[in-house]
Amino acid sequence: DARVSLGDLKMRCLSAKVGFFHVGWNASCWDEQPGLRIGQTVYEKGLGVHAPSELVFDIDGAFGTFTADVGMHGVPPERKAKDAIAGSSVFIVEGDGKTLYTSSILKENDAPQHVEISVKGVKRLTLRTTDGGDSNFDDLGAWGNALVAR
């Protein structure tokens with residue numbers, strides 16, 4: 001089965017919006033800590049975003065499954081403002097406008113949550129993160145090993 005990292009599909013990304021910084025293609029969105037990670041788990045491939053974010057990919061119905069580990073990158077304690085709350089986000093996957101997956105609210109220090117869903121026949125795959133309902137302060141999210149497979 002052919003597996004393709006979404007971090008390597010920049011040319012098939014139709015639109016990319018993030019709350020701050022930039023999309024991290026196989027990297028964090030935060031240049032001060034460029035390694036893509038969820039907590040202490042490091043990922044070579046995937047997408048780094050700051051909520052609210054939305055990435056739309058043209059996958060043209062060519063793939064059957066989408067998999068990823070989702071969670072928060074986390075800001076080191078020494079870099080956090082004294083009264084800052086922990087970053088949090090909800091991760092959402094949509095196929096052709098239909099919601100296929102919604103995570104619980106994930107916070108810094110939560111373990112990665114694994115996603116494995118069918119995207120059979122999906123032409124436009126959308127990955128979104130929200131601010132978790134408590135502002136988007138420190139909401140650095142990661143789609144670790146975000147892959148589509150035939």
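This write-up is about the structure you can find in this document. (Residues numbered from 1 in each chain as written. Predicted model: local features only at pLDDT ≥ 70, side-chain atom pairs only at ≥ 80, totals over all residues. Heavy atoms only, no water.)

### Describing the sheet that holds strand β11 (residues 98-102)
Note the threshold: At least two bridges found by DSSP between two strands are what make those strands a pair. Strands here mean DSSP runs of E at least two residues long; helices mean DSSP runs of H or I at least four residues long; both are numbered from the N terminus. Axes, fitted as lines to C-alpha atoms, cover a helix only where it is in contact. Angles between the N-to-C directions of the axes lie from 0 to 180 degrees.
Judged by pairing direction, the sheet is antiparallel, and its 5 strands sit side by side in the order β2-β7-β14-β10-β11 without closing on themselves. If you trace the sheet from one side to the other, it starts and ends with β2 (13-17) and β11, each paired once. Averaged over neighbouring strand pairs, the angle between their axes works out to 15° when direction is ignored. Sheet topology places strand β7 (residues 53-58) next to strand β14 (residues 124-129); 6 bridges connect them, and they run antiparallel. By the bridge assignment for β14, Ser53 is matched with Thr129.

### What to know about the nonpolar core
Short version of the rule: Here, nonpolar core refers to any group of buried Ala, Val, Leu, Ile, Met, Phe, Trp, Tyr and Cys residues whose side-chain atoms link them within 4.5 Å. Only protein chains enter the area calculation, which uses a 1.4 Å probe; residues under 20% of their type maximum are buried, those over 50% are exposed, and those in between are partly exposed. The criterion used for residue contact is that any of the two residues' heavy atoms lie within 4.5 Å.
Counting 27 residues, the largest nonpolar core has Leu6, Phe57, Phe66, Leu125, Leu127 and Trp143 as the members making the most contacts within it. Counting residues per element, this core draws most heavily on strand β8 (residues 65-72), which supplies 4 residues. With near-sequence residues (within four places) excluded, Leu125 lies in contact with Leu6, Leu55, Val56, Phe57, Ile59, Phe66, Val93, Glu94, Val119 and Val148.

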